[in-house]
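If you want the building blocks of each chain, they are given just below.
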Amino acid sequence: MLKKSLKHTILLNIGAFLLVFILETVSNLFFKDNFDDSYSFYAHGLDYTIMIMGFIWLNHFILIPFFLDKKKYFAYGILLIGSLFIFSHLRANAWSGTSKIFFFLLYTTGAGMAVFFLRRNMIFQKENDEKEKLQKEMELNYLKEQVNPHFLFNSLNSIYALSRRQSPETPDLVMQLSELMRYQLESSKKDTVLLKEELEFIENYLLLEEKRLSKRCTIEFLIEGDLMDLRMSPMLLIPFVENAIKHGAQSTNEQSKIDISAAVKTNTLYFSVVNSKPNMLSESKRKGLGLENVKRRLDLLYPNSYALEIDDMEKKYHVNLSIDLTDSILKKTGDD
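Everything quoted here is computed from the prediction, not taken from an experiment. All residue numbers here refer to positions counted from 1 along the written sequence of the relevant chain. Residue-level local features of this predicted model are given only where pLDDT is at least 70; pairs of side-chain atoms are given and counted only at 80 or more, and the full residue set underlies all totals for whole chains, interfaces and linings. No hydrogens and no water enter the side-chain calculation; it runs on all heavy atoms of the structure.

1. Details of the packing of aromatic side chains
Thinking step 1. The criterion for an aromatic pair is that two Phe, Tyr or Trp rings (for Trp, the six-membered ring) have centres within 6.5 Å, with stacked assigned to planes under 30 degrees apart, edge-to-face to planes over 60 apart and tilted to the rest. For the coordinates displayed, the defined rule picks out two aromatic pairs.
Thinking step 2. Aromatic pair phenylalanine 41 and tyrosine 42: ring centres 5.0 Å apart, planes at 70°, arrangement edge-to-face.
Thinking step 3. Buried residues are those whose accessible area, probed at 1.4 Å on protein chains only, stays under 20% of the maximum for their type, while exposed residues exceed 50% and partly exposed ones sit between those limits. Classification of tyrosine 42 by relative accessible area gives partly exposed; the value is 40%.

2. Examining unusual backbone geometry
As a rule of thumb, non-glycine residues mostly have phi less than zero, and peptide bonds are mostly trans rather than cis.
Thinking step 1. Phi at methionine 235 takes a positive value of approximately 60°, unusual for a residue other than glycine.
Thinking step 2. As for its position among the elements, methionine 235 is in the loop between strand E3 (231–232) and helix H7 (238–247).
Thinking step 3. In this structure, threonine 266 takes a positive phi of about 50° despite not being glycine.
Thinking step 4. Its relative accessible area of 70% is what places threonine 266 among the exposed residues. Put simply, DSSP marks the helices as runs of H or I at least four residues long and the strands as runs of E at least two long, and each gets a number from the N terminus on.

3. Focus: helix H2 (residues 38–68)
Thinking step 1. Note that bend, as reported per residue, equals the angle between axes fitted to the 7 residues terminating at that residue and the 7 residues originating from it. Roughly 35° is the biggest bend found in H2, and it falls at asparagine 59.
Thinking step 2. In protein, a polar contact means a hydrogen-donor-capable atom and an acceptor-capable atom, both N or O and within 3.5 Å, with residues adjacent in sequence counting only if both atoms are side-chain atoms; elsewhere, any N or O pair within 3.5 Å suffices. Looking at where H2 begins, the residue whose side-chain oxygen comes 3.3 Å from the main-chain nitrogen of tyrosine 39 is aspartate 37.

4. Section: the sheet that holds strand E7 (residues 316–324)
Thinking step 1. In this scheme, strands are said to pair when DSSP sees at least two bridges between them. Strand order in the open sheet made by the five strands is E2-E4-E5-E7-E6, with mixed pairing throughout. Of all strands in the sheet, those with a lone pairing partner are strand E2 (217–224) and strand E6 (306–312), marking the two edges. Taken over all neighbouring pairs, the strand axes of this sheet differ in orientation by 5° on average, direction set aside.
Thinking step 2. Both E6 and E7 contribute to a ladder of seven bridges, which runs antiparallel. Across the sheet, tyrosine 306 pairs through a bridge with isoleucine 323, a residue of E7.
Thinking step 3. Here, two residues are considered to be in contact whenever any of their heavy atoms come within 4.5 Å of each other. Interaxial angles span 0 to 180 degrees and are taken between N-to-C directions of axes, which are lines fitted to C-alpha atoms, for helices over the stretch in contact. Sheet strands touched by helix H6 (residues 195–213): E2, strand E4 (256–265) and strand E5 (268–276). Its angle to E2, the strand with the most contacts, is close to 165°.
Thinking step 4. Across the sheet, H7 is in contact with E4, E5, E6 and E7; its angle to E5 comes to roughly 5°.

5. Things to note about the confidence of the model for the protein
Thinking step 1. Across the chain, each position has a pLDDT score giving the predictor's confidence in that residue, from 0 to 100. Per-residue confidence for the protein gives a mean pLDDT of 76, with 73% of residues at or over 70.
Thinking step 2. Predicted confidence for residues 282–287 stays below pLDDT 50, and this span has three contacts to residues more than four positions away or in other chains.

6. Quick notes on the environment of leucine 199
Thinking step 1. With respect to the helices and strands, the residue leucine 199 is situated in helix H6.
Thinking step 2. Overall, the relative accessible area of 1% leaves leucine 199 in the buried class.
Thinking step 3. Residues leucine 199 and leucine 237, spaced 38 residues apart in sequence, show a C-alpha to C-alpha distance of 8.5 Å.
Thinking step 4. If we skip the residues at most four places from it in the chain, leucine 199 touches Phe221, Ile223, Leu227, Leu237 and Ala262.

7. Here's the deal with the pattern of salt bridges
Thinking step 1. Any carboxyl oxygen of Asp or Glu within 4 Å of a side-chain nitrogen of Lys or Arg constitutes a salt bridge here. One pass over the structure, following the stated rule, counts three salt bridges.
Thinking step 2. Between lysine 257 and aspartate 259 there is a salt bridge whose closest N-O contact spans 3.8 Å.
Thinking step 3. Classification of lysine 257 as partly exposed rests on a relative accessible area of 42%.
Thinking step 4. The partly exposed category is assigned to aspartate 259, whose relative accessible area is 30%.

8. Regarding the pairing of E7
Thinking step 1. Where E5 meets E7, nine bridges bridge the pair, whose relative direction is antiparallel. Paired with tyrosine 270 across the two strands is serine 322, which belongs to E7.
Thinking step 2. Between the antiparallel neighbours E6 and E7 lie three residues.

9. Points about the nonpolar core
Thinking step 1. Among the nonpolar cores identified, the biggest contains 43 residues, and Leu195, Ile202, Met232, Val241 and Phe271 are the most heavily contacted of them.
Thinking step 2. Looking at this core, the elements that each hand over two or more residues are helix H5 (170–187), H6, E2, H7, E4, E5, helix H8 (289–301) and E7.
Thinking step 3. Considering every element that reaches this core, the biggest residue donor is H6, with eight residues.
Thinking step 4. When near neighbours in sequence (up to four residues on either side) are disregarded, phenylalanine 271 contacts Ile202, Leu237, Phe240, Val241, Ile260, Ser261, Ala262, Val319, Asn320 and Leu321.
Thinking step 5. In plain words, nonpolar cores are sets of buried Ala, Val, Leu, Ile, Met, Phe, Trp, Tyr and Cys residues tied together by side-chain atoms within 4.5 Å. Formed by 12 residues, the second largest nonpolar core is a distinct cluster that contains Ile64, Tyr76, Leu105 and Met113.

Okay, here's the thing in C-alpha cells:
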C-alpha cells in the first residue's frame, strides 16, 4: 500500500511538472524570436518550470506538513513569505527583478496550494466515505446477529408452552420451527431476499403461534398487490409481529386479536400490524430489543425511503410501516 501510494505521488508530480513546462513553453511562443535558438527557448521554459515546481514542492512537502498541518500558522506564514523573498532575490540576482519574480511565485504557489488542498480534501472525503461504509456494514452485521437469538428465544417459548400441555402437535411444531430457523439462517447470509419469501416466513410463523395460542387469539394476515420481483432486507418485518404477539395475546388470557396486512402499490410496501391490548398490561422490564434493532436497521438500510408510525392507544397497538423498494428491482444479487 505504501509503495503504491509513493508511486502514485511520484507519477502525479511528474505529470504536474510536464504540465507546467508545457504551459510555460506555450506562453512564450509569442516571444520565441527573442531567443537565439530553439535550445535557449526550451532551456528558458525548463528553467522557469524548475523554479516554479521547486518552490511548490518545498511548500507541499516541507512547509505545509511540518508547520501548517501542525497549526503553526504564524511560523508557516513567516517561512513562506521569507522563502519566497529569498528565492526571488537569488533568481533575479538584482533587487529590480525581485518583486516581479516574488509576485509571480506567489501567484503560482497560491494556485498550487488550491489544487493541493482540493485534492487532499477529495482524498479525505473518499477515506471518510469508505470508513462510514465499513462502519455501516459492521453495525448491520451486528444487528443481524442479534436477530437470530431473539427470534429463537420467542419461538422456543412457544414450543415450551405447548410441550407443558403435552400437546400432540408438539413434534410437528418442532419440525415447523426448524424450517423457520433454516430460512432465517439462510437469509441472514444475504443482503436481500424476495419479498414474497419474507411474507411466507411471517405466515408460517403466525401458523405456529396460532396453534400455541389456541382459540383465545384471532389472527388475520392479508397480502395485497403484485409482489413482482421486489426484494428487501431479511428479518425486518418479523419483530413487529413478535411484538404484537408478546404484548398482546401472550400477555393475557383474555380474548385478543391481531390484524396484519401487507400491500404493494407502485413498488412501495405498506405493512400494518394491529393488536388488541389487555385491560391490565404490566410494564415490561425489557426494552424491546427487536423493535429498537429494526428501527436502527431501517435507518441504515432505507434512509429517506421509509416511514414508520407507531400508535400506542388505550385498547390497541398500531404499527404502520412503508418502504420504497424501487431500488430492489434493479439490484442484481447472487442471493437466489
